[in-house]
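# Coordinate analysis (summary)
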Amino acid sequence: MQHTRTQDTLVGLFVAAGIVALFFLSLQVSNIRSFMPADTYVITARFSNSGGLKVKSPVSVAGVRIGRVSNIYIDKETYESVVEMSIESKYDTLPEDSSATIYTAGLLGEQYINLDPGGSFDYLKNGGRIEITQSAIVLEEVIGRFLFQKAEE
């Protein structure tokens, strides 16, 4: 069977389309929505333990993603985990007395930050800080405490 130039071109286009599809699939799986960052503002929160939270983890309010974790580092004086969150500008009405909690999606899923809005009439601005936080629950600690408690009985 002879290969024609048209067949070779069509096969090449099919392979190129497959590579492009795999590229976009990998972007979706890795939680990268776009190359250009949206218009955002940054707020911070301090946690005694940020658990398995990662950069680009979702930040949500009432189950709706409103931003992403942009940076995680340790405060060298207090030894607390400082989490910076990039919040989309269209969600600029988060009250100053909002609280932040680290949750896990499912039993062993990805960790994310959930913000619970407070009742203040003043809103968080760029560079603002959430004072009320609840750290991640570390599954290993919970199991260890349970086993230690059972061993004492």
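The structure this text deals with has already been given above.
Conventions and cut-offs
- Residues numbered from 1 in each chain as written.
- Predicted model: local features only at pLDDT ≥ 70, side-chain atom pairs only at ≥ 80, totals over all residues.
- Heavy atoms only, no water.
- Helix = DSSP H or I, 4+ residues; strand = E, 2+ residues; numbered from the N terminus.
- Rg over C-alpha atoms; globule rule 2.2 N^0.38 Å.
- Core = buried A, V, L, I, M, F, W, Y, C linked by side-chain atoms within 4.5 Å.
- Buried < 20%, exposed > 50% of the residue type's maximum accessible area, 1.4 Å probe, protein only.
- Contact = heavy atoms within 4.5 Å.
- Pairing = 2+ DSSP bridges.

## Thoughts on the overall build of the protein chain
From N to C terminus, the protein chain includes 2 helices and 8 strands. In the protein chain, the succession of helices and strands from N to C terminus is α-β-β-β-β-β-β-β-β-α. Over its C-alpha trace the protein chain gives a radius of gyration of 22 Å, far above what one expects of a compact globule, namely 15 Å for 153 residues. Taking the principal axes of the C-alpha coordinates as reference, the protein chain spans close to 80 × 50 × 30 Å.

## Describing the nonpolar core
By size, the foremost hydrophobic cluster in this structure holds 20 residues, and its most contacted members are Met85, Ile87, Ile113 and Leu115. Breaking this core down by element, the ones donating at least two residues are β1 (40-47), β2 (58-61), β3 (64-74), β4 (81-88), β5 (99-104) and β6 (111-116). Of all the elements, β1 adds the most residues to this core, at 4 residues. The contact partners of Ile113, leaving out residues within four places of it in the chain, are Phe47, Leu53, Pro58, Val59, Ser60, Val69, Val83, Met85, Ala100, Thr101 and Ile102.

## Description of the environment of Lys125
Relative to the elements of secondary structure, Lys125 occurs in the loop between β6 and β7 (128-130). Measuring from C-alpha to C-alpha, the distance between Lys125 and Ile43 comes to 7.4 Å, with 82 residues separating the pair along the chain. Dropping the residues within four chain positions of it, Lys125 is found in contact with Tyr41, Val42 and Ile43.

## Topic: the side chain of Ser50
By secondary structure assignment, the location of Ser50 is in the loop between β1 and β2. Aside from chain neighbours lying at most four places away, what touches Ser50 is Ile72, Ser81, Val83, Ile102, Gln111 and Ala136.

## Re the pairing of β2
Remember that side chains alternate between the two faces of the sheet whenever the strand is regular. Covered by surrounding structure in β2 are Pro58 and Ser60 together with Val59 and Val61, the residues of both alternating faces. Direction of pairing for β2 relative to β3: antiparallel, over a ladder of 4 bridges. In the strand pairing of β3, Pro58 is matched with Arg68. What sits between β2 and β3 in their antiparallel hairpin is a turn of 2 residues, with Ala62 showing a positive phi close to 55°. For β2 and β6, the ladder comprises 2 bridges, and the chain directions are parallel. Looking at β6, one finds that Ser60 is bridged to Asn114.

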